[in-house]
Amino acid sequence: MTMKRWSGRCLVGIGLALCLSGCQTWTSGMTLPSGRYLQHPPQYFPPSPPFPLPRELEAQERTAAAAAAAGIPPGAPAPLPPPVPPGEILPVP
């Protein structure tokens, strides 16, 4: 008699926990939300910046501004350094 009472209470407890937990349900190949999905607070995802690497963009803009100040048109190759005479050793920066 006690085993029947224990198993009945256990089944009622499990059923009650499943009904009140509000978890998602997977049926017929679909994941469906719980019945309380409208009671949850909305999530906010801030918009991504147009260029995800701000420091690299700032360095590129600084380089472009320096090139424009020197009179180099955009897209032109960078000027080459002067050639080193034979037998001369370059200083290490």
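Our subject is the structure listed above.
Residues numbered from 1 in each chain as written. Predicted model: local features only at pLDDT ≥ 70, side-chain atom pairs only at ≥ 80, totals over all residues. Heavy atoms only, no water.

S.K.: Which parts of the structure should I look at to understand the overall build of the chain?
M.R.: Looking only at helices and strands, the chain features 2 helices and 2 strands. For the chain, the succession of helices and strands along the chain, N to C, is α-β-β-α. A buried classification covers 1% of the 93 residues belonging to the chain. Carbon and sulfur atoms provide 68% of the accessible area of the chain, an area that totals close to 9200 Å². (Helix = DSSP H or I, 4+ residues; strand = E, 2+ residues; numbered from the N terminus. Buried < 20%, exposed > 50% of the residue type's maximum accessible area, 1.4 Å probe, protein only. Areas by Shrake-Rupley, 256 points an atom, 1.4 Å probe, with all protein chains shown as cover.)

S.K.: Would you mind showing me how to read the environment of Ile72 here?
M.R.: With respect to the helices and strands, the residue Ile72 is situated in the segment after helix 2 (54–69). Look past the residues within four positions of Ile72 in its chain and what remains in contact with it is Ala67 and Pro79. (Contact = heavy atoms within 4.5 Å.)

S.K.: Teacher, can you tell me more about helix 2 here?
M.R.: End to end, helix 2 covers 22 Å across 16 residues, agreeing with the expected 22 Å (1.5 Å per residue, within 8%). Gly71, located one to two residues past helix 2, shows a positive phi value of around 85 degrees. (Expected span 1.5 Å × (residues − 1).)

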